[in-house]
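Below, each chain spelled out in residue letters.
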Amino acid sequence: MLSSSFRAFALYLMLVLLPISVYFYIFHGDWFLLYAVDVSDIPSAVALLGFVCEGLVGVAGFALAAVLVRTQRHQVTYALLGVAAFGAAVALVIWPERLAMVGSYAQYRGDFGLRRYGGALMRGGAAMGLILVCATTYLITRIWFARRRA
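Keep in mind the model is a prediction, meaning the values are calculated, not measured.

Some words on the overall build of the protein chain
Within the protein chain, the secondary structure is distributed over six helices and two strands. In terms of its C-alpha atoms, the protein chain occupies a principal-axis envelope of roughly 55 × 30 × 25 Å. Considering the protein chain as a whole, with its 150 residues, one finds that 30% of them fall into the buried category. Roughly 10,000 Å² of accessible area belongs to the protein chain as shown, and the carbon and sulfur atoms make up 73% of that amount. Side-chain charges of the protein chain comprise 12 positive and 6 negative groups, with the mean position of each set lying 24 Å from the other.

Structure, rendered in structure tokens:
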């Protein structure tokens, strides 16, 4: 946790990943939560706690990966990475209709006034996706070269 790689990851987490999550929660909250709950019913303290937990999961994941890599368990590390990627992809398969429609919680539940994915959400998604890809590429490169120097 005191390494320069962790500091780089912590900056990535605080300056890229969490702000992107907050952006989608604030501007497209019902869609972001897959219309499971009405964002307006969630107290702000609970949302803040959720984002803190997201950060803690990131820190725990980094710590676990660091332990696995240092003990030469690369296969386990890759397997866990694959499970995480698979878990993210499952949402696309299980809830494609929720991701394809944009509206409020009430519109989704009442099945009225929904729009196909596009507009502001698509522009925001493209911008945040580009930022995420660039920052992730930089982070991976940064950690890779830090590891090579050590």
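More follows now that the structure is in view.
Digging into the packing of helix α1 (residues 4–32) against helix α6 (residues 119–149)
At a minimum axis separation of 10 Å, α1 and α6 run at an interaxial angle of 170°. The angle between α1 and α6 places the two elements in the roughly antiparallel class. Of the residues that constitute the contact of α1 with α6, the class distribution is 18 nonpolar, six polar and one charged.

Let's talk about the environment of C134
Counting through the fold element by element, C134 comes out in helix α6. It is 32 Å that separates the C-alpha atoms of C134 and I42, two residues lying 92 residues apart in sequence.

Quick notes on the nonpolar core
The biggest cluster of nonpolar side chains holds 22 residues, and the ones touching the most others in it are F9, Y12, F24 and W31. Here this core takes 12 residues from α1, the largest share from any one element. Apart from residues lying up to four places away in sequence, F9 is in contact with G58, V59, F62 and L139.

Points about the packing of aromatic side chains
The geometry of an aromatic ring pair is captured by two quantities: the separation of the ring centres and the angle between the planes. With the rule as written, the count across this model stands at nine aromatic pairs. When the centroid spacing of 6.3 Å and the interplanar angle of 35° are considered together, the rings of F9 and Y12 count as tilted. On the criterion of helical spacing, the pair formed by F9 and Y12 is a turn pair, its members being three residues apart in helix α1. A residue is classified by how much of its surface remains accessible, and F9, at 12% relative accessible area, is buried. Ring geometry for Y23 versus F27: centroids 5.1 Å apart, planes at 45°, classification tilted.

Brief notes about the side chain of D30
Position of D30 among the secondary structure elements: in helix α1. For D30, which is buried and forms no salt bridge, the nearest opposite charge comes from R109, at a distance of 9.1 Å. When residues no more than four places from it in sequence are discounted, the contact partners of D30 are Y35, V37, D38, V39, G103, S104 and Y105.

Here we look at a nonpolar patch on the surface
Where nonpolar side chains cluster on the molecular surface, the patch consists of L92, V93, I94 and W95 and spans about 410 Å² of accessible area. In this structure, V93 sits in helix α3 (residues 74–94).

Reading guide: rules and limits
- Residues numbered from 1 in each chain as written.
- Predicted model: local features only at pLDDT ≥ 70, side-chain atom pairs only at ≥ 80, totals over all residues.
- Heavy atoms only, no water.
- Helix = DSSP H or I, 4+ residues; strand = E, 2+ residues; numbered from the N terminus.
- Buried < 20%, exposed > 50% of the residue type's maximum accessible area, 1.4 Å probe, protein only.
- Areas by Shrake-Rupley, 256 points an atom, 1.4 Å probe, with all protein chains shown as cover.
- Lys, Arg positive; Asp, Glu negative; His and termini not counted.
- Charge placed at Lys NZ, Arg CZ, Asp CG, Glu CD.
- Axes fitted to C-alpha atoms, helices over the stretch in contact; angles between N-to-C directions.
- Parallel < 35°, antiparallel > 145°, perpendicular 65-115°, else oblique.
- Nonpolar A, V, L, I, M, F, W, Y, C, P; charged D, E, K, R; others polar.
- Core = buried A, V, L, I, M, F, W, Y, C linked by side-chain atoms within 4.5 Å.
- Contact = heavy atoms within 4.5 Å.
- Phe/Tyr/Trp six-rings, centres within 6.5 Å; stacked < 30°, edge-to-face > 60°.
- Salt bridge = Lys/Arg side-chain N within 4 Å of Asp/Glu carboxyl O.
- Patch = residues over 30% accessible without salt bridge, like charges linked within 9 Å, V, L, I, M, F, W, Y side chains within 5 Å.

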